[in-house]
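# A look at the structure
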Amino acid sequence: MAAAEPGAAPGGGGCAPAGGGSVPVLFCFSVFARPSSVPHGAGYELLIQKFLSLYGDQIDMHRKFVVQLFAEEWSQYIDLPKGFLVNERCKVRLVPLQIQMTTLGNLTPSSTVFFCCDMQERFRPAIKYFGDIISVGQRLLQGARLLGIPVIVTEQYPKGLGSTVQEIDLTGAKLVLPKTKFSMVLPEVEAALAEIPGVRSIVLFGVETHVCIQQTALELIGRGLEVHIVADATSSRSMMDRMFALERLARTGIIVTTSEAILLQLVADKEHPKFKEIQNLIKASAPESGLLSKV
């Protein structure tokens, strides 16, 4: 989703808050208008999150949008000023633009980040094909190191569920973060992404497909990022949950693909200086991962 871009300095909108508390805001989308509130000093990101929480089931993620603020002095809506912060009662709306976004699924190392989600020891006996997805996940992380692609790793409640399995080599990972939220989209993760210039695509894998993977993917596309889920490196306790989640995600415009397709798309050319090393990775026998098994 694209919208008015936040900046460092306010212009024509709110200013820095003097205190805490919440501020009433009327959120308008299409023919709908819903009163709600946001924390005093909330900016662009929190407004977008609130729109998604109120209208997420009606917003077409394949469209571009602009956020607008009702300006009393003009008696009409204006594009949200850069650096806008909510410090008083206001009315905002989300406006779909006419241009349709086309998800091409192109990947380049310079605009890609790998997300490794909750590949932890306590999941080993419960997750279908866990040994196979560990092997594929390790192959992906080796490819990321070869191609200089940043890797972000989360661990769901590691105190109770253990750390990432020993077979997964996290050497060079940009961030390894514990979490309790199912989605990987935490403030620390968003801050890490903001430090990487030109990020467009997220390659996502891990467990469980229908919980943490699904919720992460939906939050990421809600932020305008293109998401590639590696089907042979993600699984669940139930094959039914796994396959229905992949089907649902594909219908939302998320790209469901395989590890070999990802790695070869990233090198793109036999003459790529890392092609031979990537080729050696994918020459290893590929685990079945249960993708062709019946539910």
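Residues numbered from 1 in each chain as written. Predicted model: local features only at pLDDT ≥ 70, side-chain atom pairs only at ≥ 80, totals over all residues. Heavy atoms only, no water.

As annotated in an unreviewed UniProt entry, the protein chain carries the name Isochorismatase domain-containing protein 1 and is attributed to Oreocharis arfaki. UniProt lists a comment for the protein chain under the heading Sequence similarities (unreviewed entry), and it reads "Belongs to the isochorismatase family." (UniProt positions renumbered as here; feature names shortened; annotations may be inferred.)

What follows covers the sheet that holds strand 6 (residues 112–117). Here six strands make up an open sheet; going across it, the order is 8-7-6-9-10-11 and the pairing parallel. Each having just a single partner strand, strand 8 (175–179) and strand 11 (255–257) make up the two edges of the open sheet. Shown here is a sheet whose adjacent strand axes are inclined to one another by a mean of 20°, direction ignored. When strand 6 meets strand 9 (residues 201–207), the two strands line up parallel, connected through six bridges. Along strand 9, the bridge assignment pairs Thr-112 with Ser-201. Lying on the sheet, helix 4 (residues 187–194) is in contact with strand 6, strand 7 (151–156), strand 8 and strand 9; it crosses strand 8 at an angle near 160°. Packed on one face of the sheet, helix 5 (residues 209–222) meets strand 6, strand 7, strand 8, strand 9 and strand 10 (226–235) and runs near 165° to strand 9. (Pairing = 2+ DSSP bridges. Helix = DSSP H or I, 4+ residues; strand = E, 2+ residues; numbered from the N terminus. Axes fitted to C-alpha atoms, helices over the stretch in contact; angles between N-to-C directions. Contact = heavy atoms within 4.5 Å.)

Only one face of strand 8 is covered, namely the one carrying Leu-175, Leu-177 and Lys-179; the face carrying Val-176 and Pro-178 has none of its residues buried. Here five bridges tie strand 7 to strand 8, and the two strands are oriented parallel to one another. Note that in strand 8 the partner of Thr-154 across the bridge is Leu-177. (Buried < 20%, exposed > 50% of the residue type's maximum accessible area, 1.4 Å probe, protein only.)

Next up on the list: the environment of Val-199. Examined against the element boundaries, Val-199 turns out to sit in the loop between helix 4 and strand 9. As a C-alpha pair, Val-199 and Thr-108 span 91 residues in sequence and 9.9 Å in three-dimensional space. Filtering out sequence-adjacent residues up to four positions away, Val-199 remains in contact with Ser-111, Val-113, Leu-193 and Leu-225.

It is worth spelling out the packing of helix 2 (residues 130–147) against helix 8 (residues 275–283) at this point. Packing of helix 2 against helix 8 brings their axes to within 10 Å, and their N-to-C directions diverge by 180°. Taken as axis vectors, helix 2 and helix 8 run roughly antiparallel relative to one another. On helix 8, the residues touching Arg-139, Gln-142, Gly-143, Leu-146 and Leu-147 of helix 2 are Glu-277, Ile-278, Leu-281 and Ile-282. Partitioning the contact of helix 2 with helix 8 into residue classes produces five nonpolar, two polar and two charged. (Parallel < 35°, antiparallel > 145°, perpendicular 65-115°, else oblique. Nonpolar A, V, L, I, M, F, W, Y, C, P; charged D, E, K, R; others polar.)

The next point concerns the packing of aromatic side chains. In total, this model carries seven aromatic pairs according to the counting rule given. Following the ring pairs from residue to residue traces out a cluster consisting of Phe-27, Phe-29, Phe-32, Phe-51, Tyr-55 and Phe-65. Just above the ring of Phe-70 sits the side chain of Lys-91; from NZ or CZ to the centre is 4.6 Å. (Phe/Tyr/Trp six-rings, centres within 6.5 Å; stacked < 30°, edge-to-face > 60°. Lys NZ or Arg CZ within 6 Å of the ring centre and 35° of its normal.)

Considering the arrangement of structural elements, one finds His-210 in helix 5. There is a polar contact of 3.0 Å between the side chain of His-210 and the side chain of Ser-236. At 3.4 Å, the side chain of His-210 and the side chain of Asp-241 are in polar contact. In contact with His-210, not counting residues within four places along its chain, are Ser-236, Asp-241 and Ala-245. (Polar contact = N/O pair within 3.5 Å; in protein donor to acceptor, adjacent residues only side chain to side chain.)

The description of two packed helices rests on the angle between their axes and on the distance between the axes. One can describe the packing of helix 7 (residues 259–267) onto helix 8 by two numbers: an axis separation of 10 Å at closest approach and a directional angle of 175°. It follows that helix 7 is roughly antiparallel to helix 8 by the angle criterion. Counted together, Glu-260, Leu-263, Leu-264 and Val-267 of helix 7 and Phe-275, Ile-278 and Ile-282 of helix 8 form the full contact between these two elements. Counted by class, the contact of helix 7 with helix 8 contains six nonpolar, no polar and one charged residues.

Throughout the structure, instances matching the rule amount to 11 salt bridges. Residue Asp-169 is joined to Arg-145 by a salt bridge in which the shortest nitrogen-to-oxygen separation is 3.7 Å. Placement of the pair is Asp-169 in the loop between helix 3 (158–161) and strand 8 and Arg-145 in helix 2, with a sequence separation of 24 residues. By relative accessible area, which is 34% here, Arg-145 ends up partly exposed. Each member of the salt-bridge network shares a partner with another, and the members are Lys-181, Glu-190, Glu-219 and Arg-223. (Salt bridge = Lys/Arg side-chain N within 4 Å of Asp/Glu carboxyl O.)

Along helix 4, the positions that sit buried rather than exposed are Val-189, Ala-192 and Leu-193. The buried residues of helix 4 all sit within an arc of 100° when viewed along its axis, so they share a single face. Looking at helix 4, the residues exposed on the side facing more than 90 degrees away from the buried face are Pro-187 and Ala-194. Considering only its buried residues, helix 4 is in contact with strand 6, strand 7, strand 8 and strand 9. (Arc of directions from axis to C-beta.)

What follows deals with helix 1 (residues 44–55). Between its terminal C-alpha atoms helix 1 stretches 16 Å, which fits the 16 Å expected from 12 residues at 1.5 Å a residue. Considered for burial, the residues of helix 1 that qualify are Tyr-44, Leu-47, Ile-48, Phe-51, Leu-52, Leu-54 and Tyr-55. (Expected span 1.5 Å × (residues − 1).)

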